[in-house]
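Close look at the chain arrangement
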Amino acid sequence: MKSREIHLTQHFTGPVKPDYFEMTEVDLPDPGEGEIQVKNAWLSVDPYMRGRMIGIKTYVDPFRIGAPMEGGAVGQVIKSNADGFAEGDWVMSMNGWREGWTGSAAGITKLDANLLPLEAYLGVAGLTGMTAYIGIKRMIELKEGETLWMSAAAGAVGSAGVQFAKAMGAHVIATAGGAEKTAFCSEIGADAVVDYKAVDDLAGAVREAAKPFGGVDTYFENVGGDHLQAALDVIKPFGRIAACGMIARYNDDTPLPGPTNLTQIVAKKLTIRGFIAPDHFDIYESFVSDLSSWMMAGKVKTRDTVFEGIDKTPEAFMGLFTGQNIGKMLVKL
Ligand SMILES: NC(=O)c1ccc[n+]([C@@H]2O[C@H](COP(=O)([O-])OP(=O)(O)OC[C@H]3O[C@@H](n4cnc5c(N)ncnc54)[C@H](OP(=O)(O)O)[C@@H]3O)[C@@H](O)[C@H]2O)c1
C-alpha cells in the first residue's frame, strides 16, 4: 500500500503558514510480528498540535522534522499480523496526518463501528468530549443551578461542554465568533449567547447576558487574552475557572503581557485549575456512562466541520485559528 503523509518542514513561532507542511508518498511495509497495516478514514486536527510545532518540549514532545506528524486517527485494518486484530477491524491510533500506516498494534484501540459514527470517536465520544467533561466535572465541579460561561462555545470542546453543562442542570452563557456560531450555540441549548466579535465590551455583554441567571459562577477557559481579562472581571466571588486552553495566544511570536486585572484572583478568592486531559483517564468510565445516558436522552447533538483529502489537513489545522469550524474539525480521507 502507498500512503501520502504530511511532514513539518521546520519548527516555528507566529502564525501558521502552508509552507511549514509538505506532503510525501511512501510505500508501507507489510506488517511484521505484532504489527498491523491500517488505512486511515478520519483524521483529527487539534489546537494543542500548535504547541508541538514550536520545537520546545512542553507536556508533549515537539513534532520531528521530516517525519510523519502525529494526531488522532480512525482507520480500518487492512492486514494483520497481531493477535486480537483482524482485517476489517476499526481502530483508533495517534498515527494521523497520513493515509495509512504499518506499525505495532500495542496501544491501539479497537472501535465498535455499530455503536457510534466512526468520527465521533475523535469528537464528542473521544478526547474532545472527555476534555469538556473533565473541565466541567473535575476542575469546576459544576453544580445544578449554577451559571457557566463557556468560551469558544461553538467549537469541539466548547459545544460538547455547553451540552454537558445543560444536561447537569446548569445555566450556560456561550461566547463564540459570528452569527452562525451563536445560532448554533442556541440550537444546542445555551441559555444566552454573545458574539464576541460583535461587541466592544465583552465583560459588559457577558454580565448582561448572565443577569437573569444571577451572574457568572464559573468559567471554562478555551481562549485566553481578552476573554480571560473579561472573565476575571465578570465572575462572582469564589468563582471557579477551568483553564483548558488559550488558543488566542498559541500563534504569538513573543508572549504578550497577561490580563491587567489579575488582582481579581485575590480579591474575589477565585480558584483556577489548569488541566491536560490525558492525565485524567481514570474518569473515562464515568464519562462514558454519563455521555451514554445523555446521548440516549437526546441531550447531546454533534456537528462536525469536514475537509476532504489528506492534502487538506494543513488547511483544516490552520482553520482552527481563524475560526473556520463549527463543532469538531476533521479531515475525511
Ligand atoms: N487541556 C486539554 O487537555 C485540552 C484538550 C483539548 C483542547 N484543549 C483546548 O481547548 C480549546 C478548544 O479546543 P478545540 O479542539 O475544541 O478547538 P475548537 O474550539 O473546535 O476550535 C478552535 C476555536 O477557537 C476559536 N479561536 C481561534 N482563535 C481565536 C482567537 N484568537 N480568539 C478567540 N477565539 C479564537 C475559534 O472559534 P471562534 O470563531 O468562536 O472564535 C475556533 O473555531 C483550545 O484552547 C485547546 O487548546 C485543551
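Refer to the structure printed above.
Residues numbered from 1 in each chain as written. Predicted model: local features only at pLDDT ≥ 70, side-chain atom pairs only at ≥ 80, totals over all residues.

**Overview of helix H7 (residues 284-296)**
The terminal C-alpha atoms of H7 lie 18 Å apart, and with 13 residues this matches the ideal 18 Å at 1.5 Å per residue to within 8%. In the stretch just after H7, Gly298 is the one whose phi turns positive, near 70°. (Helix = DSSP H or I, 4+ residues; strand = E, 2+ residues; numbered from the N terminus. Expected span 1.5 Å × (residues − 1).)

**Looking at the packing of helix H1 (residues 127-140) against helix H2 (residues 156-167)**
The contact between H1 and H2 brings their axes to 8 Å, and the two run at 50°. Here H1 lies oblique to H2, going by the angle between them. Here H1 and H2 pass one another in a crossing that is right-handed. Across from Thr128, Gly129, Thr131, Ala132, Tyr133, Gly135 and Ile136 in H1, the residues of H2 making contact are Ala156, Val157, Ala160, Gly161, Phe164 and Ala165. Classifying every residue of the contact of H1 with H2 gives eight nonpolar, five polar and no charged. (Axes fitted to C-alpha atoms, helices over the stretch in contact; angles between N-to-C directions. Parallel < 35°, antiparallel > 145°, perpendicular 65-115°, else oblique. Left-handed = near helix turned anticlockwise from the far one by under 90°. Contact = placed C-beta atoms within 7 Å. Nonpolar A, V, L, I, M, F, W, Y, C, P; charged D, E, K, R; others polar.)

**Thoughts on H2**
An ideal rise of 1.5 Å per residue puts 16 Å on twelve residues; H2 measures up with 17 Å between its terminal C-alpha atoms. With ten of twelve residues buried, H2 is to be regarded as a mostly interior element. Buried within H2 we find Ala156, Val157, Gly158, Ser159, Ala160, Gly161, Val162, Gln163, Phe164 and Ala165. In this fold, the buried residues of H2 make contact with H1, strand E8 (147-150), strand E9 (171-176), helix H3 (179-187), strand E11 (218-221) and strand E15 (328-332). Phi turns positive, to about 85°, at Gly169, one or two residues after H2. (Buried ≥ 20, exposed ≤ 12 C-beta atoms within 10 Å, placed from the backbone.)

**Structural notes on the site of the ligand**
With respect to spatial proximity, 29 residues lie near the ligand, and among them Gly155, Val157, Gly177, Gly245 and Gly323 are the closest. Looking at the shell around the ligand, the elements with two or more residues in it are H1 and H2. It is H2 that contributes the most residues to the shell around the ligand, three residues altogether. Residues of the shell around the ligand, tallied by class, amount to 18 nonpolar, nine polar and two charged. Each of domain 1 (2-122 + 303-332) and domain 2 (127-296) contributes no fewer than three residues to the shell around the ligand. (Near = placed C-beta within 6 Å. Domains from an automatic or database assignment.)

**So, the environment of Tyr284**
Among the structural elements, Tyr284 can be located in helix H7. Distance from Tyr284 to Phe164, taken between C-alpha atoms, is 15 Å for residues 120 residues apart in sequence.

**A few points about the sheet that holds E9**
Taken in spatial order, the six strands make up an open sheet running E10-E9-E8-E11-E12-E13, and their pairing is parallel. Strand pairing shows two members of the sheet lacking a second neighbour, strand E10 (192-195) and strand E13 (271-274), which therefore form its edges. Taken pair by pair, the neighbouring strands of this sheet meet at an average axis angle of 15°, ignoring direction. Strand direction decides the pairing type here: E11 and strand E12 (residues 240-243), joined by four bridges, are parallel. Residue pairing for E12: Phe220 is matched across the bridge by Ala242. Along the sheet, H2 makes contact with E8, E9 and E11, crossing E8 at roughly 170°. (Pairing = 2+ DSSP bridges.)

**Section: the environment of Glu25**
When you line up the elements, Glu25 lands in strand E2 (residues 21-27). Along the sequence, Glu25 and Ser80 sit 55 residues apart, while their C-alpha atoms lie 22 Å from each other. Beyond its immediate sequence surroundings of up to four residues, Glu25 is in contact with Lys2 and Arg4.

**Points about the packing of helix H4 (residues 202-210) against helix H5 (residues 226-234)**
At a minimum axis distance of 9 Å, the contact between H4 and H5 shows a crossing angle of 50°. It follows from the interaxial angle that H4 and H5 lie oblique. Here the hand of the crossing between H4 and H5 comes out right-handed. Mapping the contact onto sequence places Leu202, Ala203, Val206 and Arg207 in H4 and Asp226, His227, Ala230, Asp233 and Val234 in H5.

**Thoughts on the environment of Asp311**
With respect to the helices, strands and loops of the structure, Asp311 is situated in the loop between strand E14 (304-308) and helix H8 (313-319). Judged by C-beta crowding, with 13 C-beta atoms within 10 Å, Asp311 ranks as partly exposed. In sequence terms Asp311 and Glu22 are 289 residues apart; their C-alpha atoms lie 9.0 Å from each other.

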